[in-house]
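Here is what each chain is made of, one letter per residue.
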Amino acid sequence: MTTNDLTQLRDKIDGVNLQLLKLLNERAEIVQEIGEHKEKQGVARFDPVRERQALDLIIKNHDGPFQTSTIQYIFKEIFKASLELQKDNHNKALLVSRKARPENTIVDINGEKIGDGEQRFIMGPCAVEGYEQVKAVALAMKEQGLTLMRGGAFKPRTSPYDFQGLGVEGLQILRKVADEVGMQVVSEILAPQDVEKALDYVDVIQIGARNMQNFELLKAAGRVKKPVLLKRGLSATIDEFINAAEYIISQGNDQIILCERGIRTYEKATRNTLDISAVPILKKETHLPVVVDVTHSTGRKDLLLPTAKAALAIGADAVMAEVHPDPAVALSDSAQQMNIPEFNEFMDVVKAFKNKLA
Ligand code: PEP
Ligand code: MN
């Protein structure tokens, strides 16, 4: 074979490659059209029966140098890539995605903003235990110029015998203190039927990690005109987290704050593993503001400050942490809540850090 022959054969291969490319793209366009039809009809995109038929037809007509198993493998890869193409189209259509809305969503909590570029702090006790306890935290927050106060009235506890929260009485305490001191209230709601009830008391409905895929709760929160703080599930992927937010926005409520609060891994040094890179990923993939909860992600007081700095440096819209006037006697998360002097120290350092970043 001369060099000339080889060049000719290579030219031929290039020609065939281009034909294949053209055919693959033609095929992809047809697949997209099928995807749109399926979307309209609400039919599942993956259809194993149809795929089997397509493969059988290919194999029946195959008599080239490739082994049947090789051909089957190549076509399976083409099928898989096509299915993924449909998935991409699906993601493009998500209402929470940047593709759907390029500009940042700014969540407005009675005039207090999250997602406007200014990094904020959501602080407060793990659980509401009484008026005096909440008031002490609120006053300390006010001293620090903070206005977004968290506190659980309905507590999702691992054990049914642990303190479950004060319920509506807890919400009433939060509201009373918030009105006296000038705070906005962020509090978790556990059940869809409590969403309406909570509207009189809370300014932001929190949906906790354990309820991230409680679809009825997500839909109920999506139907009201109140900002929602949605926490990432204990073992939820970013895709599942984004889809949980989609449940809320699909009902009409776009006032959603995403909260990274650590995920379950094999690591035991921290209560959960803070997935810090979730912050820029969520901000890139969605138009929603992102908060980092440093208390539940680390479960360690000594890590609150470094993780809060990391959250601010990586672009979180707010940092959440727990504060209790006397953590030693707290009815939940006693080991990881800051007392008031610790909170003041924490705030002084993070504020200085934030200013350095700006
Ligand atoms: C909370 O913030 O009070 C809480 C229970 O956190 P999570 O749902 O993230 O565990
Ligand atoms: Mn807690």
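Relevant structure appears above.
Note that this is a predicted model, so its numbers are computed, not measured.

Draft legend 1. Region of interest: the site of ligand 1. All residues in the neighbourhood of ligand 1 are listed as Arg-150, Lys-155, Glu-188, Gln-206, Gly-208, Ala-209, Arg-210, Lys-231, Arg-261 and His-296. Residue Lys-155 places a side-chain N or O atom 3.0 Å away from an oxygen atom belonging to ligand 1. The contact in question runs from an oxygen atom of ligand 1 to an N or O atom on the side chain of Lys-231, over 2.7 Å. When the free accessible area of ligand 1 is taken as 300 Å², the share hidden by the protein chains comes to 96%. Taken together, the residues that form the shell around ligand 1 break down as one nonpolar, three polar and six charged.

Draft legend 2. Summary view of the pattern of salt bridges. Per the stated rule, a full pass over the model turns up 22 salt bridges. Residues Glu-118 and Lys-354 are paired through a salt bridge, measuring 2.7 Å at the closest nitrogen-oxygen approach. One end of the pair, Glu-118, is in the loop between β2 (112-114) and β3 (120-124); the other, Lys-354, is in helix α12 (residues 340-357), and 236 residues separate them in sequence. For Lys-354, a relative accessible area of 14% corresponds to the buried category. A salt bridge links Asp-293 to Lys-231; its shortest N-O distance comes to 2.6 Å. With a gap of 62 residues between them, Asp-293 in strand β9 (residues 290-293) and Lys-231 in strand β7 (residues 228-231) connect regions that are remote in the sequence.

Draft legend 3. Up close: the coordination of the manganese ion (ligand 2). Those protein atoms acting as donors to the manganese ion (ligand 2) are Cys-126 (SG), His-296 (NE2), Glu-322 (OE), Glu-322 (OE) and Asp-333 (OD), and they sit at 1.9 to 2.8 Å. Between the donor residues of the manganese ion (ligand 2), the gaps in sequence give the motif C-x169-H-x25-E-x10-D. Here His-296, found in helix α10 (residues 294-298), pairs with Asp-333, found in the loop between β10 (318-322) and α12; they are 37 residues apart in sequence, far enough to count as distant. With relative accessibility at 16%, the residue Asp-333 sits in the buried group.

Draft legend 4. Spotlight on the packing of aromatic side chains. The final tally for this structure, using the stated rule, is two aromatic pairs. Relative to Phe-79, the ring of Phe-75 has its centre 6.4 Å away and its plane inclined at 65 degrees; by these criteria the two rings are edge-to-face. Of this pair, Phe-75 and Phe-79 are both found in helix α3 (residues 68-92), four residues apart, which corresponds to roughly one turn of the helix. On the basis of relative accessibility, which here comes to 26%, the residue Phe-75 falls in the partly exposed class.

Draft legend 5. Seen up close, the pairing of strand β6 (residues 204-207). Here β6 shows a buried face lined by Val-204 and Gln-206 and a second buried face lined by Ile-205 and Ile-207. A crossover connection joins strand β5 (residues 184-188) to the parallel β6 through helix α6 (residues 192-198); in handedness this β-α-β unit is right-handed. In this sheet, β7 lies alongside β6 in parallel orientation, the contact comprising three bridges. By the bridge assignment, Ile-207 is partnered in β7 with Leu-230. The parallel pair β6 and β7 is bridged by helix α7 (residues 215-222), and the resulting crossover is right-handed.

Draft legend 6. The nonpolar core, seen in detail. Within the largest apolar cluster, 70 residues are counted, with the highest numbers of intra-cluster contacts made by Met-123, Met-149, Leu-171, Ile-207, Leu-230, Leu-258 and Phe-343. When residues of this core are assigned to their parent elements, the largest contribution, seven residues, is made by helix α8 (residues 238-249). In contact with Met-149, other than residues within four places in its own chain, are Met-123, Val-134, Ala-138, Met-141, Leu-174, Val-177, Ala-178, Met-183, Gln-184, Val-185 and Val-186. If you look at the next biggest cluster of nonpolar residues, it comprises 13 residues, including Val-107, Ile-109, Ile-122 and Ile-257.

Quick notes on the rules
- Residues numbered from 1 in each chain as written.
- Chains lettered and ligands numbered in written order.
- Predicted model: local features only at pLDDT ≥ 70, side-chain atom pairs only at ≥ 80, totals over all residues.
- Heavy atoms only, no water.
- Near = heavy atom within 4 Å.
- Polar contact = N/O pair within 3.5 Å; in protein donor to acceptor, adjacent residues only side chain to side chain.
- Areas by Shrake-Rupley, 256 points an atom, 1.4 Å probe, with all protein chains shown as cover.
- Nonpolar A, V, L, I, M, F, W, Y, C, P; charged D, E, K, R; others polar.
- Salt bridge = Lys/Arg side-chain N within 4 Å of Asp/Glu carboxyl O.
- Helix = DSSP H or I, 4+ residues; strand = E, 2+ residues; numbered from the N terminus.
- Buried < 20%, exposed > 50% of the residue type's maximum accessible area, 1.4 Å probe, protein only.
- Donors = N, O, S within 2.8 Å, 3.2 Å for Na, K, Ca; no water.
- Phe/Tyr/Trp six-rings, centres within 6.5 Å; stacked < 30°, edge-to-face > 60°.
- Right-handed = clockwise from strand over helix to strand, strands pointing away.
- Pairing = 2+ DSSP bridges.
- Core = buried A, V, L, I, M, F, W, Y, C linked by side-chain atoms within 4.5 Å.
- Contact = heavy atoms within 4.5 Å.

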